[in-house]
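The lines below spell out each chain.
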Amino acid sequence: MNKLSLVLADETAQLKLAGDMARHCPTGVVIFLQGNLGTGKTTFVRGFIHALGHHGVVKSPTYTLVEPYMIGGRAVYHFDLYRLADPDELEYAGGRDYFDGESICLIEWPEKAEGYLPTADIECHFDYEKTGRSVFIKANTPKGGRILQLIS
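Residues numbered from 1 in each chain as written. Predicted model: local features only at pLDDT ≥ 70, side-chain atom pairs only at ≥ 80, totals over all residues. Heavy atoms only, no water.

Novice: For the packing of aromatic side chains, give the residues involved together with the corresponding values.
Specialist: Considering all chains together, one arrives at six aromatic pairs under this definition. Their ring planes at 55° and their centres at 5.7 Å tell us that phenylalanine 44 and phenylalanine 126 sit as a pair that is tilted. Here the residue phenylalanine 44 occupies a position in helix α2 (residues 41–52), and phenylalanine 126 occupies one in strand β6 (residues 122–129), the gap between them amounting to 82 residues. Exposure remark for phenylalanine 44: the relative accessible area of 0% places this residue in the buried category. For phenylalanine 126, a relative accessible area of 3% translates into the label buried. Measuring from centroid to centroid gives 4.6 Å for tyrosine 77 and tyrosine 98, while their planes differ by 70°, and the two rings are edge-to-face. (Phe/Tyr/Trp six-rings, centres within 6.5 Å; stacked < 30°, edge-to-face > 60°. Helix = DSSP H or I, 4+ residues; strand = E, 2+ residues; numbered from the N terminus. Buried < 20%, exposed > 50% of the residue type's maximum accessible area, 1.4 Å probe, protein only.)

Spelled out as structure tokens, the structure:
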């Protein structure tokens, strides 16, 4: 399975999806999170990081570009590239160092750094759906495909 389309009735459903994905996510995974403002990208990240075992606040790194977490011996990086004015800014900030094949990288607004990011294992496209959200998930690599099989 390389594609999955879901309607998420509410925030609880979005957090559950994120948790399911986190529980099946090995190290060395890059996940792109796309969609308009308010479609739940940060909510997804919060659910993902909490499912891995983080008990603190999960804040959006809108101004710092990246928020690092060390959870159970695994490095998890939450990128929010919304305010990135030029893709070169990510390069100057040492952005490529995070994609070492050992960490999990969750990237909001990846289109802002096109050309500087590795291929996403999974792309999640969020949209508005009545009172909930819809999400279209696409696996781009065998690793991403295995995750999709396990969550569907």
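Novice: I'd like a rundown of the pattern of salt bridges, residues and numbers included.
Specialist: Under the counting rule described, the total for this entry stands at three salt bridges. A salt bridge links aspartate 20 to lysine 16, with the nearest nitrogen and oxygen atoms 2.8 Å apart. Taken together, the positions of aspartate 20 and lysine 16, both in helix α1 (residues 11–23) and four residues apart, correspond to about one turn of that helix. Of the residues examined, aspartate 20 reaches a relative accessible area of 19% and is grouped as buried. A salt bridge links arginine 23 to aspartate 20, with the shortest nitrogen-to-oxygen separation between them at 3.0 Å. Taken together, the positions of arginine 23 and aspartate 20, both in helix α1 and three residues apart, correspond to about one turn of that helix. The exposed category is assigned to arginine 23, whose relative accessible area is 53%. Several salt bridges converge on common partners, so that one network encompasses Lys16, Asp20 and Arg23. (Salt bridge = Lys/Arg side-chain N within 4 Å of Asp/Glu carboxyl O.)

Novice: Describe the pairing of strand β4 (residues 74–80), listing the residues and the values that go with them.
Specialist: Counting buried positions over the seven residues of β4 gives six, a clear majority of the element. Of the strand pairs in this sheet, strand β3 (residues 66–71) and β4 are connected by six bridges, and their pairing is antiparallel. Bridge pairing in β4 places tyrosine 69 opposite valine 76. Following β3, the chain reverses through two residues before pairing antiparallel with β4; glycine 72 in that reversal takes a positive phi of roughly 55°. For β4 and strand β5 (residues 104–108), the ladder comprises five bridges, and the chain directions are parallel. Residue histidine 78 lies in a different strand from β5, and its bridge partner there is leucine 106. (Pairing = 2+ DSSP bridges.)

Novice: Could you give an account of unusual backbone geometry, naming the residues involved and the relevant values?
Specialist: Note: most residues except glycine have negative phi, and most peptide bonds are trans. Backbone geometry places leucine 65, a non-glycine residue, at a positive phi of 75°. The exposure class assigned to leucine 65 is buried, which follows from its relative accessible area of 14%. Although it is not a glycine, lysine 130 sits at a positive phi angle of roughly 50°. Within the secondary structure, lysine 130 sits in the loop between β6 and β7 (132–139). The exposure class assigned to lysine 130 is exposed, which follows from its relative accessible area of 83%.

Novice: Residues and numbers for the nonpolar core, please.
Specialist: Core analysis: the largest hydrophobic core is formed by 30 residues, its most contacted members being Met21, Ile31, Phe48, Leu106, Cys124 and Ile137. Those residues in contact with isoleucine 31 that sit more than four places away from it in its chain are Met21, Phe48, Cys105, Leu106, Ile107, Ile122 and Cys124. Core analysis: the next-biggest nonpolar cluster, separate from the first, contains 19 residues, Leu65, Phe79, Cys105 and Trp109 among them. (Core = buried A, V, L, I, M, F, W, Y, C linked by side-chain atoms within 4.5 Å. Contact = heavy atoms within 4.5 Å.)

Honestly, it's all geometry; don't read function into it.
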